[in-house]
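Here are the chains, one letter per residue:
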Amino acid sequence: MGFTTRIFSHIKSGASTEKYYKSMNEALARLNQEYTMLHYPYHVKNGESFFDAQKNLTDYCMSLLPPVGGKHILEIGCGNGIQANYILKKFSPASVTAIDLNNSNIEIARLEAQKDGIDNISFHVDDAQRLASVETNSIDYIINIESAFHYPDKPSFLREIARVLKPGGTYLIADVLTTRRKRNLIKNYWKRRMNLHHWLKSNYEEELPKANLKIDTFTDITGGVIKSFSSYRHWLRTMEKNNFIDDLLLKLYYTIHVRLNIHLLRNRRQYCVIVGGKQAV
């Protein structure tokens, strides 16, 4: 692939959700010499790799749940499956079911699980707002990390959580929320193309009880995410060198992406983690 073609390939990643995640998978695999998770990093200590910082966020989220050993976990919006594999290996649930709407993500997920010899995990192409592949009252724990802002019908998504959770089950939603509503025709057009449907905190506070879901904790971890993203120069310095043009293109793409995320988190977004369960009927 020529230099000009690579430039336009990355530019076009902002034209649709599928192209974005395809480009992101390629960029992160190149940066880290392996597929990594697709969610934001979280700071614990200085000098960590990007992948380690992503694991920090997963570990933090899992620490908010009761012990999952021997339980059945559903990951909604699993991306490329790397996080689901990590959870299975580190936290030893009985099984993990993971769904994503993006077929190319699920293809990667299945190949990675096969490569790692993992057999108590299943990946499905499915819609978070319908969960056609998941039975009612079948899941002990639901995790949904950085996917809900893509859902246009989040009330249906919340009702599906309540449907598939067992009585006494627990859900965790880690979502990037908006902090303000401003009308901008150009920005709104782009958000529609990228399937971006950010909620305010108040939207969750109103809609979760309507879906028969209680809120136990609602935590803002924006500061830790920003602090971790601010280490991006260290991640780029430790990147394995390939050739000058490829390295330059990747660094440019990655720098723009990270600095945009930092700007948005400082000015109009917040990263929140919500934990709760079914309301008693």
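Rules used in this analysis
- Residues numbered from 1 in each chain as written.
- Predicted model: local features only at pLDDT ≥ 70, side-chain atom pairs only at ≥ 80, totals over all residues.
- Heavy atoms only, no water.
- Axes fitted to C-alpha atoms, helices over the stretch in contact; angles between N-to-C directions.
- Helix = DSSP H or I, 4+ residues; strand = E, 2+ residues; numbered from the N terminus.
- Parallel < 35°, antiparallel > 145°, perpendicular 65-115°, else oblique.
- Left-handed = near helix turned anticlockwise from the far one by under 90°.
- Contact = heavy atoms within 4.5 Å.
- Nonpolar A, V, L, I, M, F, W, Y, C, P; charged D, E, K, R; others polar.
- Pairing = 2+ DSSP bridges.

### Here we look at the packing of helix α9 (residues 222-229) against helix α11 (residues 244-267)
Remark: α9 packs on α11, axes separated minimally by 10 Å, with the N-to-C direction vectors making an angle of 155°. The angle between α9 and α11 falls in the class roughly antiparallel. As α9 runs across α11, the sense of the crossing is left-handed. Contacts from Thr222, Val225, Ile226 and Phe229 of α9 reach α11 at Val258, Asn261, Ile262, Leu265 and Arg266. Tallied by class, residues from the contact of α9 with α11 come to six nonpolar, two polar and one charged.

### Thoughts on the sheet that holds strand β7 (residues 269-278)
Across the sheet, which stays open at both edges, the seven strands sit in the order β3-β2-β1-β4-β5-β7-β6 with mixed pairing between neighbours. Both edges of this open sheet fall to β3 (121-125) and β6 (213-220), since each of them pairs with a single strand only. Shown here is a sheet whose adjacent strand axes are inclined to one another by a mean of 15°, direction ignored. Two elements, strand β1 (residues 72-76) and strand β4 (residues 139-145), share three bridges in a ladder whose sense is parallel. Following the sheet pairing, Ile73 is matched in β4 by Tyr141.

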